[in-house]
Amino acid sequence: MIEMLSYPFLLRAFIVGLLVSLTAALLGVSLVLRRFSMIGDGLSHVGFGALAISSVLGFSPMGFTIPVVVVSAIILLRISDKSKISSESMIALISSSALAIGVVAVSYVRGTNTDINNFLFGSLLAVSKSDALFSVILSALTLICYILLYPRLYAITFDPAFARSAGMHIERYSLLLAVLSALTVTLGMRMLGSLLISALIIFPPLSAMRVFKRYKSVCIASALISVVAFIIGMYLSYALGLPVGASIVCVNLLIFLLLSFTRVVLKIE
């Protein structure tokens with residue numbers, strides 16, 4: 001581990017990945033409980049399309065992708081609330097369209113240096129110094145917002161009717177949750193890729209729910225599981241020469257299966 005962190009680009013990736021994993025796990029609890037967990041998958045595909053277009057047109061990857069993904073999250077939330085189309089169908093519609101646009105954008109321009117595999121599966125080399133600093137700042141702001149708004153997120157997650165009757169602006173906080181999720185997805189997909197980043201949102205909360213039932217306990221356990229899975233996955237990637245994103249997801253899968261098996265054996269209700 002010490003040898004791995006002696007390389008500057010790996011140290012940057014480690015810091016960014018740790019913060020993104022922590023943020024994704026915390027936000028994922030509310031998203032999973034509200035049955036809106038697939039928003040991460042949809043937004044990651046939108047991010048892929050935006051990254052591809054920014055690369056082809058020569059725009060700043062993060063500067064172009066973040067606004068596009070945030071706006072997409074807002075539109076997705078608004079349409080899901082008012083449209084007759086279900087949220088799952090809307091997410092599938094937007095994600096597949098964005099993915100197709102990204103592939104066309106990369107394939108159309110001949111002679112480009114764009115590597116589509118980096119966008120789909122991530123790359124440690126994609127985390128530059130400026131990206132790392134930008135990611136750390138946004139991740140810290142996201143964590144601060146989550147901590148400060150924890151009681152309100154809890155209320156809209158479990159009892160939105162009561163929260164609305166108490167004068168709480170549910171739509172506003174739901175919108176904030178979608179925006180924070182969009183930021184987290186965008187920050188993490190440069191390293192884990194658009195096809196794998198949604199696993200950071202889904203796996204840790206589901207794993208924590210195998211053992212714990214209280215919201216606070218699930219949040220803490222989800223954060224710990226995500227951090228541990230990231231550290232182990234990144235180390236395995238470095239030691240065995242495996243793709244970092246796939247390694248992290250596989251570790252999350254093993255933890256989920258282990259906790260599920262433990263629940264069955266111990267008969268946890």
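Bear in mind that the values here come from a model prediction, so they are computed numbers and not experimental data.

Here the focus is the nonpolar core. Of all hydrophobic cores here, the largest spans 70 residues; its most connected members are Ile39, Leu43, Ile66, Tyr146, Met191, Leu200 and Met234. Tallying contributions element by element places helix H9 (residues 170–192) first for this core, with 14 residues.

Within the secondary structure, Thr65 sits in helix H3 (residues 61–82). Exposure remark for Thr65: the relative accessible area of 1% places this residue in the buried category. Excluding anything up to four places from it in sequence, Thr65 contacts Gly47, Ala50, Leu51, Ser54 and Thr186.

Now for the packing of aromatic side chains. Counted under the stated rule, the structure contains four aromatic pairs. Note on Tyr150 and Tyr215: the rings are 5.6 Å apart at their centroids and 40 degrees apart in plane angle, and the pair reads as tilted. With Tyr150 in helix H7 (residues 150–158) and Tyr215 in helix H11 (residues 215–240), the pair connects residues that are 65 residues apart, well separated along the chain. By relative accessible area, which is 5% here, Tyr215 ends up buried. Pairing Phe203 with Phe256 gives two aromatic rings, centres 6.2 Å apart and planes at 70 degrees, and the pair type is edge-to-face. Taken together, the residues Phe203 in helix H10 (residues 198–209) and Phe256 in helix H12 (residues 244–266) connect sequence positions 53 residues apart.

Before going further, it helps to examine the confidence of the model for the protein chain. With 86% of its residues at a pLDDT of at least 70, the protein chain reaches an overall mean of 80. H11 holds the highest mean pLDDT among the elements of the protein chain, 90, whereas helix H5 (residues 116–121) holds the lowest, 67.

What follows is about the side chain of Thr186. Take Thr186: it is sitting in helix H9. In contact with Thr186, other than residues within four places in its own chain, are Met62, Thr65, Ile66 and Val69.

Parameters at a glance
Residues numbered from 1 in each chain as written. Predicted model: local features only at pLDDT ≥ 70, side-chain atom pairs only at ≥ 80, totals over all residues. Heavy atoms only, no water. Core = buried A, V, L, I, M, F, W, Y, C linked by side-chain atoms within 4.5 Å. Buried < 20%, exposed > 50% of the residue type's maximum accessible area, 1.4 Å probe, protein only. Helix = DSSP H or I, 4+ residues; strand = E, 2+ residues; numbered from the N terminus. Contact = heavy atoms within 4.5 Å. Phe/Tyr/Trp six-rings, centres within 6.5 Å; stacked < 30°, edge-to-face > 60°. pLDDT = per-residue confidence, 0-100.

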